[in-house]
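Single-letter residue listing:
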4 protein chains.
Amino acid sequence: MALPRTGPVRSEPARVAILDATAALFAEVGYDHLTIEGIAARAGVGKQTIYRWWGSKGPLVAECLLEGRLLPGRLTLPDTGDVRADMAAWLTTVFRVMEAEQRLVLSLIAAAAEHPEVGAGLRDSLTGSASISGRLDAAIGTTANLQPGALTGELAEALIGAVVLRALSREPAGPVDAERLLDAVLGAPTG
Amino acid sequence: MALPRTGPVRSEPARVAILDATAALFAEVGYDHLTIEGIAARAGVGKQTIYRWWGSKGPLVAECLLEGRLLPGRLTLPDTGDVRADMAAWLTTVFRVMEAEQRLVLSLIAAAAEHPEVGAGLRDSLTGSASISGRLDAAIGTTANLQPGALTGELAEALIGAVVLRALSREPAGPVDAERLLDAVLGAPTG
Amino acid sequence: MALPRTGPVRSEPARVAILDATAALFAEVGYDHLTIEGIAARAGVGKQTIYRWWGSKGPLVAECLLEGRLLPGRLTLPDTGDVRADMAAWLTTVFRVMEAEQRLVLSLIAAAAEHPEVGAGLRDSLTGSASISGRLDAAIGTTANLQPGALTGELAEALIGAVVLRALSREPAGPVDAERLLDAVLGAPTG
Amino acid sequence: MALPRTGPVRSEPARVAILDATAALFAEVGYDHLTIEGIAARAGVGKQTIYRWWGSKGPLVAECLLEGRLLPGRLTLPDTGDVRADMAAWLTTVFRVMEAEQRLVLSLIAAAAEHPEVGAGLRDSLTGSASISGRLDAAIGTTANLQPGALTGELAEALIGAVVLRALSREPAGPVDAERLLDAVLGAPTG
DNA sequence: GCTTAAGCGAGACGGTACGTCTGGTCTTTGG
DNA sequence: CCAAAGACCAGACGTACCGTCTCGCTTAAGC
């Protein structure tokens with residue numbers, strides 16, 4: 001038997017204001033200097049309204065991530081038919097973003113390390129928007145290491161992992177590095 | 001003209017007590033709940049003694065890392081002559097440690113994301129102790145993707161990156177996953 | 001022309017439940033830890049229902065007081081014909097109550113200090129139930145300081161004031177103190 | 001054996017700033033709207049410095065009271081030789097202060113009701129500065145109710161109690177009321 | 001061996017942010 | 001239109017740490 005729920009429902013304007021404020025402050029100050037008080041003030045909201053629905057900044061950041069408020073949308077994998085070239089272009093873009101928004105990217109990794117929700121959100125965000133392994137499947141046969149039966153899921157993981165590691169080491173990377181990485185992991189183009 | 005330095009020199013017992021306390025607390029509560037006050041109390045030391053020599057918890061953790069106080073020493077890459085098998089054994093061990101000490105590993109990643117020193121230390125610790133790319137060089141020709149001219153540095157990066165990503169996603173991994181990852185990145189063993 | 005009053009009228013069960021809850025919580029936690037939220041929860045009532053009719057906890061407590069829900073009814077001045085003995089008995093009882101329910105009594109004073117309504121209610125409650133000055137009028141001539149023309153209103157005020165001061169100073173008082181107070185203020189019995 | 005106390009010592013400027021701020025805010029907003037945060041902000045002090053030494057606003061207000069920062073110094077009982085006239089003048093002054101600073105006086109009563117320290121402080125402050133019972137001792141024989149053996153302590157208590165009650169009831173009082181109260185409690189002047 | 005200055009433990013200080021609690025208002029659902 | 005339920009903005013609570021700053025003590029180097 002259902003309890004008779006009454007009273008006001010969750011305020012959508014408040015929810016949106018909070019997520020907006022979170023994304024803005026995340027970009028400004030990074031994950032570890034993000035404070036609930038700051039978010040509440042920026043959003044024009046009581047702290048309790050945040051604690052009521054999210055409980056801490058981890059899930060809050062995760063929700064921002066999943067709604068695409070943190071990572072710029074330009075990170076989608078292009079599709080020109082030439083998978084190898086698309087991947088190179090995408091990697092180059094990722095490297096550029098990493099350099100331009102180093103703090104944001106590192107903050108995201110820190111957030112992922114501290115909160116499972118953010119980790120999962122980050123993974124969904126990356127693989128969802130870019131769908132790398134799907135594209136690799138379509139490219140089987142075009143490079144030395146992409147033969148029938150290739151474990152494209154693992155290859156995608158290795159590629160993204162290499163990117164994350166690059167971010168952690170703060171070494172700047174450019175188009176040449178993108179090419180080298182693809183050569184190493186996918187092998188040279190065939191034919 | 002040099003000023004005449006006088007007075008006592010840095011206290012080694014204090015230094016060691018601080019690093020011990022840091023390592024112990026890091027394992028207990030993780031990176032983000034690590035506090036300078038807690039370390040000072042545990043080490044029986046004044047806070048100023050920590051700030052005098054390290055300045056913040058980042059470099060402190062980095063120094064613990066470089067002295068091998070955080071990661072168990074068992075993470076060295078074995079050397080039986082069969083590089084592929086050695087890698088598989090090492091990866092399996094790494095996966096096991098990641099599962100057993102998830103918080104420690106994730107805290108380390110978080111620390112690396114927040115402090116360059118820790119990132120560098122982590123990188124040195126991993127590649128230094130395991131020296132993966134050197135071993136891959138020695139194994140050229142033994143797997144499909146390890147042909148002469150192979151970019152072993154990038155391959156090592158991809159492998160470790162995949163491991164870090166696995167840690168961030170909290171998905172448990174075992175020996176089978178280790179094999180699949182190696183198959184994907186290094187290719188099947190030849191002959 | 002009168003507007004036709006329609007819709008439900010004020011709920012008596014709600015009113016009673018609120019006053020009951022207020023009296024109970026007042027006795028349990030005292031005036032300054034009394035909260036509207038706590039009262040509403042205990043009474044099974046919405047907060048708005050309290051704010052609609054009382055506005056704050058001051059008038060609420062005053063109403064409880066005037067309905068006799070706070071002070072035990074035993075504080076009435078006995079009437080044996082011997083005014084001096086009656087007063088002594090009453091004072092002794094008051095002192096005993098003050099000791100047994102110190103928090104309640106002090107909370108009442110605090111409430112009176114913060115809200116005029118409570119102050120007035122307290123005054124009415126004390127002088128109304130005990131009607132001291134009336135009895136003193138009837139006793140004129142029986143003690144040294146109760147001569148014709150005595151200002152019995154002021155004397156009553158002085159007596160009750162002394163009692164309040166005793167409560168504020170937390171000094172325990174007993175029958176002997178009651179006698180001394182009466183001796184001092186009313187003078188020794190004549191004849 | 002005394003512990004070897006070392007380290008910095010309590011900061012007197014901070015202590016004074018806190019008491020100043022408390023007294024000022026007490027006069028401005030009254031006891032129940034007094035907040036630790038407000039005091040800390042006004043004093044330019046961290047909240048912890050207040051909690052370290054006082055623990056709550058009760059003892060803080062008590063200390064202000066005992067240092068004479070709350071009640072104006074003009075409440076001292078004059079001494080012209082004519083005790084009856086001195087008392088009347090003093091009472092009139094007290095009534096005037098009560099009217100002019102009603103909130104402060106009532107706040108003080110509320111504070112006394114909530115914190116024993118304040119109650120004790122208030123009592124010391126009143127009897128200390130005015131020393132009523134001592135003066136009454138000296139006036140024995142000059143009024144009808146001040147005969148040898150009079151319980152001057154109780155009489156003083158009754159007088160001050162009447163004053164407190166007047167404050168609680170918010171009834172304005174003037175010189176005439178002062179005279180009537182003295183007539184009632186002390187009796188008419190003899191000879 | 002006396003002087004001098006730095007290292008050390010301890011911990012108070014001005015602050016920031018925490019997560020909780022309550023105040024008083026507003027909004028929804030139902031009788 | 002009233003009542004219950006409870007979300008909302010606001011802001012104080014008392015706690016935990018931050019990084020800085022004395023304290024008084026105990027060392028070493030250098031005269």
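Residues numbered from 1 in each chain as written. Chains lettered and ligands numbered in written order. Predicted model: local features only at pLDDT ≥ 70, side-chain atom pairs only at ≥ 80, totals over all residues. Heavy atoms only, no water.

Novice: I'd like a rundown of the overall build of chain A, residues and numbers included.
Specialist: Counting secondary structure elements, chain A contains 10 helices and 0 strands. When the elements of chain A are put in sequence order from the N terminus, they spell out α-α-α-α-α-α-α-α-α-α. With the C-alpha coordinates of chain A rotated into their principal frame, the extents come out at 70 × 45 × 25 Å. Each of the 191 residues in chain A was classed as buried or not, and the buried ones make up 50%. Long-range pairs, those at least 24 residues apart, make up 68% of the contacts in chain A between residues at least 6 apart in sequence. Charge-centre separation for chain A: the mean point of 17 positive side chains lies 7 Å from the mean point of 22 negative side chains. (Helix = DSSP H or I, 4+ residues; strand = E, 2+ residues; numbered from the N terminus. Buried < 20%, exposed > 50% of the residue type's maximum accessible area, 1.4 Å probe, protein only. Contact = heavy atoms within 4.5 Å. Lys, Arg positive; Asp, Glu negative; His and termini not counted. Charge placed at Lys NZ, Arg CZ, Asp CG, Glu CD.)

Novice: Tell me about the arrangement of the chains, and name the residues and values.
Specialist: In this assembly chain A lies apart from chain C, the nearest approach of their C-alpha atoms being 10 Å. For the non-touching pair chain A and chain D, the nearest C-alpha separation works out to 16 Å.

Novice: So what's going on with the packing of helix 1 (residues 12-29) of chain D against helix 2 (residues 36-43) of chain D? Which residues, and what values?
Specialist: Residues and elements named next belong to chain D. Look at helix 1 against helix 2: their axes get within 8 Å of each other, and the N-to-C directions meet at 125 degrees. Taken together, the axes of helix 1 and helix 2 are oblique relative to one another. Crossing handedness for the pair helix 1 and helix 2: right-handed. Of the residues in helix 2, those in contact with Ala-17, Ile-18, Ala-21, Thr-22, Ala-24, Leu-25 and Glu-28 of helix 1 are Gly-38, Ile-39, Arg-42 and Ala-43. Across the contact of helix 1 with helix 2, the residue classes break down as 7 nonpolar, 2 polar and 2 charged. (Axes fitted to C-alpha atoms, helices over the stretch in contact; angles between N-to-C directions. Parallel < 35°, antiparallel > 145°, perpendicular 65-115°, else oblique. Left-handed = near helix turned anticlockwise from the far one by under 90°. Nonpolar A, V, L, I, M, F, W, Y, C, P; charged D, E, K, R; others polar.)

Novice: Please give an account of the protein's contact with DNA strand F that cites residues and values.
Specialist: Residues in contact with DNA strand F amount to 43 residues; listed here are only the nearest, Lys-47, Gln-48 and Tyr-51 of chain B together with Lys-47 and Tyr-51 of chain D. For DNA strand F, a phosphate oxygen lies 2.9 Å from a polar atom in the side chain of Thr-49 of chain A. A distance of 2.7 Å is found between a phosphate oxygen of DNA strand F and a side-chain nitrogen or oxygen belonging to Tyr-51 of chain B. Of all elements in the fold, only helix 3 (47-53) of chain A, helix 2 (36-43) and helix 3 (47-53) of chain B, helix 3 (47-53) of chain C together with helix 2 and helix 3 (47-53) of chain D reach the threshold of two or more residues within the surface near DNA strand F. (Near = heavy atom within 4 Å. Polar contact = N/O pair within 3.5 Å; in protein donor to acceptor, adjacent residues only side chain to side chain.)

Novice: Could you give an account of the interface of chain C and chain D, naming the residues involved and the relevant values?
Specialist: For an interface, size is often stated in terms of accessible area lost upon the parts coming together. With 33 residues of chain C at the contact, the number on the chain D side is 33 residues. Buried surface at the junction of chain C and chain D, both sides included, amounts to about 3,000 Å², of which 61% is carbon and sulfur. Linking chain C to chain D there are 4 salt bridges. Summed over the shared surface of chain C and chain D, the number is 10 residue pairs in polar contact (both at pLDDT 80 or more). Contributing elements (two or more residues each) for the side of chain C that touches chain D: helix 6 (102-114), helix 7 (116-130), helix 9 (152-169) and helix 10 (175-186) of chain C. (Buried area = accessible area lost by both parts, 1.4 Å probe. Salt bridge = Lys/Arg side-chain N within 4 Å of Asp/Glu carboxyl O.)

Novice: Describe helix 5 (residues 83-100) of chain C, and please don't skip the residues or the numbers.
Specialist: Residues and elements named next belong to chain C. Its 18 residues give helix 5 an end-to-end C-alpha distance of 26 Å, which sits within 8% of 26 Å, the value for a rise of 1.5 Å per residue. Residues Val-83, Arg-84, Asp-86, Met-87, Ala-88, Trp-90, Leu-91, Thr-92, Val-94, Phe-95, Val-97 and Met-98 constitute the buried set of helix 5. Looking at where helix 5 begins, the residue whose side-chain oxygen comes 3.2 Å from the main-chain nitrogen of Arg-84 is Asp-82. (Expected span 1.5 Å × (residues − 1).)

Remember, this is a structural readout, not a statement about activity or role.
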